[in-house]
Amino acid sequence: MALYATAATVLAAVEGRRGSIKGLVYASSFQNVKQLYALVCETQRYSAVLDAVIAGAGLLRAEKKLRPHLAKVLVYELLLGKGFRGGGGRWRPLLERHQARLKAELARLKVQRRVSRNEDLLQVGSRPGTASQVPRFVRVNTLKTSPEDAVDYFKRQGFSYQGRASSLEDLRALKGKCFLLDPLLPELLVFPAQTDLHDHPLYRAGHLILQDKASCLPAMLLAPPPGSHVLDACAAPGNKTSHLAALLRNQGKIFAFDRDAARLASMATLLARAGVSCCELAEEDFLAVSPSDRRYRHVQYILLDPSCSGSGMPARPLEEPGAGTPSKARLQALAGFQQRALRHALSFPSLQRLVYSTCSLCQEENEDVVWDALQQNPGAFRLAPVLPSWPHRGLSTFPGAEHCLRASPETTLTGGFFVAVLERVEVSSSVPEAEAAAPELTAGAARRRKKRRRRASAPGTPQVRGAEPAPGGS
Ligand SMILES: C[S@@+](CC[C@H](N)C(=O)[O-])C[C@H]1O[C@@H](n2cnc3c(N)ncnc32)[C@H](O)[C@@H]1O
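Positions within a chain are numbered from 1, following the residues in the order the chain's sequence is written. Side-chain atom pairs in this predicted model are given and counted only at pLDDT of 80 or more, local residue features only at pLDDT of at least 70, and totals for whole chains, interfaces and linings cover all residues. Remark: hydrogens and water are excluded; side-chain values derive from all non-hydrogen atoms of the structure.

As recorded in an unreviewed UniProt entry, the protein chain goes by the name 28S rRNA (cytosine-C(5))-methyltransferase, listed as coming from Mustela putorius furo. Check the Subcellular location (unreviewed entry) section of the UniProt entry for the protein chain; it says "Nucleus, Nucleolus". Recorded in UniProt under Sequence similarities (unreviewed entry), the annotation for the protein chain is "Belongs to the class I-like SAM-binding methyltransferase superfamily. RsmB/NOP family." UniProt positions are given in the numbering used here, feature names are shortened, and annotations may be inferred rather than shown by experiment.

Asks: Which residues make up the sheet that holds strand β5 (residues 208–210), and what values do they have?
Replies: Sheet architecture is open: five strands sit in the order β2-β3-β4-β1-β5, paired in mixed fashion. Strand pairing shows two members of the sheet lacking a second neighbour, β2 (160–164) and β5, which therefore form its edges. Each strand of the sheet is rotated relative to its neighbour by a mean of 30°, with strand direction disregarded. When DSSP finds two or more bridges between a pair of strands, those strands are recorded as paired. Helix and strand definitions here come from DSSP, where helices need a minimum of 4 consecutive H or I residues and strands a minimum of 2 consecutive E residues; each element is numbered from the N-terminal end. Judged from the three bridges that link them, β2 and strand β3 (residues 178–181) form a sheet pairing that is parallel. Bridged to Arg-164 within β3 is Leu-181. Taken strand by strand, helix α13 (residues 239–248) contacts β1 (136–140) and β5, and its axis lies near 40° from that of β1. The axes are straight lines fitted to the C-alpha atoms, using for helices just the contacting stretch, and the angles between their N-to-C directions are given from 0 to 180°. We call two residues in contact when some of their heavy atoms are within 4.5 Å.

Asks: So, helix α12 (residues 213–222): which residues are in play, and what are the values?
Replies: Residues spaced three or four apart along an α-helix face the same direction, because each turn holds 3.6 residues. Partly exposed describes any residue whose relative accessible area lies between the buried limit of under 20% and the exposed limit of over 50%, with all areas from a 1.4 Å probe on protein chains only and scaled to the type maximum. In terms of burial, α12 is largely enclosed, as 10 of its 10 residues are buried. Among all positions of α12, only Lys-213, Ala-214, Ser-215, Cys-216, Leu-217, Pro-218, Ala-219, Met-220, Leu-221 and Leu-222 are buried. The positive-phi residue at the C-terminal boundary of α12 is Ala-223, with phi of around 50°.

Asks: Quick one: what's the story with the UniProt feature "active site" (unreviewed entry) in the protein chain, residue by residue and with numbers?
Replies: Under the feature "active site" (unreviewed entry), the UniProt entry names Cys-359. With respect to the helices and strands, Cys-359 occurs in the loop between β10 (353–358) and α16 (367–376). Not counting chain neighbours up to four residues away, the residues in contact with Cys-359 comprise Cys-308, Gly-310, Ser-311, Gly-312, Met-313, Gly-416 and Phe-417.

Asks: Give me the lowdown on the pairing of β3, citing residues and values where you can.
Replies: Looking at chain direction, β3 and strand β4 (residues 188–191) are connected through two bridges and run antiparallel. Among the inter-strand pairings, Leu-180 is bridged to a residue of β4, identified as Val-190. Between β3 and β4, which follow one another and run antiparallel, lie six residues.

Asks: Any details on the environment of Pro-237? Residues and values, ideally.
Replies: As for its placement among the helices and strands, Pro-237 is situated in the loop between β6 (229–232) and α13. Accessibility expressed as a relative area gives 39% for Pro-237, which makes it partly exposed. Excluding anything up to four places from it in sequence, Pro-237 contacts Arg-263, Met-267 and Leu-270.

Asks: Help me get a handle on the UniProt feature "binding site: S-adenosyl-L-methionine" (unreviewed entry) in the protein chain, residues and values and all.
Replies: The residues that UniProt annotates with the feature "binding site: S-adenosyl-L-methionine" (unreviewed entry) are Cys-234, Ala-235, Ala-236, Pro-237, Gly-238, Asn-239, Lys-240, Asp-258, Asp-285 and Asp-305. As for its placement among the helices and strands, Lys-240 is situated in helix α13. According to the relative accessible area criterion, Lys-240 is buried, its value standing at 13%. Among all residues touching Lys-240, those that are not within four sequence positions of it are Gln-211, Ser-215, Pro-218, Ala-219, Asp-232, Leu-303, Asp-305, Ser-357 and Phe-417.

Asks: Quick one: what's the story with unusual backbone geometry, residue by residue and with numbers?
Replies: With an omega of 10°, the peptide bond running from Ala-236 to Pro-237 counts as cis. One non-glycine residue, Arg-249, adopts positive backbone phi at about 55°. Judged by its relative accessible area of 56%, Arg-249 is exposed. Of note in this structure, Leu-387 is not a glycine but carries a positive phi near 40°. Positionally, Leu-387 belongs in the loop between β11 (381–383) and β12 (405–407). Here Leu-387 falls in the buried class, since its relative accessible area comes to 1%.

Asks: Would you mind going over the pairing of β10 in detail, with residue names and values included?
Replies: A large share of β10 lies buried, amounting to six of its six residues. Judged by which residues are buried, β10 turns out to be covered on both faces: Arg-353, Val-355 and Ser-357 on one side and Leu-354, Tyr-356 and Thr-358 on the other are all buried. Across four bridges, strand β9 (residues 299–304) lies against β10 in parallel orientation. When the bridges of β10 are listed, Ile-302 appears paired with Leu-354. As judged from the six bridges shared by β10 and strand β13 (residues 417–424), these two strands associate in the antiparallel manner. Paired with Ser-357 across the strands is Val-419, a residue of β13.

Okay, here's the thing in structure tokens:
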């Protein structure tokens, strides 16, 4: 059938990095462009899963004449799509001969990756695609320059500025010396993946920070206003700290902790180069930092980006399959620390908003940690419903988990990442501003707060606020 053959040709061209899906689909002579586009996009989204299923079922070994990309499109239709369109022609009997083995392979993959739905295979995959799939994101350090000035500088150097991107497709299509502004983050420039800016004068002068887009989400979503007090619990090497300082415009205070002296030393250099002057660095175990210490009495914002398995970091070329998959024991140890750190962070008395993030794709380090914290503090915190248009959401392991964000090379063109924004439930418009901000409450105010908290709490379940985007959201 022409649809499948054309889709296979377009897919082969796209995966061979010879063009964007859109360009190729419209260049094809196939009449139902919409149908073709959807089929190629979906097949490509599941590409790694389909490769694993096809290899496991031995399809290409058994059917020597079947081309790999055509096999991918057909197996997508058979197992993940809505079934063969227009009957499937001559491909249908061929695929049906292998149907049982292909289905068994898909089921085995789900068991192995501990997921139940097909789409979850996209999220808890093995190591996500290679780094070459992810564009080079460059955050403009607004403590030192502006996006406009940075754009002008690159233009003078012969780069071609394409304006603000409107979709991920624009990012995917970047080539040569072209660059864009990111559609979501106002100070993020996007270059083709191969662009190396480590020796660029603006980078060396601290005007640019080479930081993946997903890793910019935590500070952006924490959105502390200038003048506020922020705690960065596991801070080194400090990219997110410098982003926080830029949002604060160096006004206010960041208490940054890390227990690794060497990492802190390079963080100090990075912060100095970035012009950060509002940050106090401390070589300290965050779990030993006392929430009742008066120094932290005005801390309303906490960023917790703890050590994790790094299973979301894009694979390095030629890395062994499964290299990014942590052992069960390591996962348990990491998740234990992450839970303790999150519970500890939530015990800071003035805390209003917290961002929890990891560069892991493992549910144990992400949704499970957040769910544990919400259960430990029934009714006190809820997940803020951030960035409703972000395409990749938390795994639906508990009510409201879709408010968490996930990221991956396949779905968001970034490294693999997880972010959850927790906010305190209690502050309502009837609470006077000064009372809400002051940690030393009067007895009467404390009683009134306690009463409100009791009313707001639903034991055992996290509170999820309505659908309005959080500050700094899309
Ligand atoms: C994922 S990295 C943080 C990256 C950092 N937020 C950034 O954006 O550059 C995790 C950091 O947590 C630190 N860490 C691990 N356990 C800690 C603890 N108990 N207290 C403070 N820092 C800790 C590690 O040394 C490591 O530097």
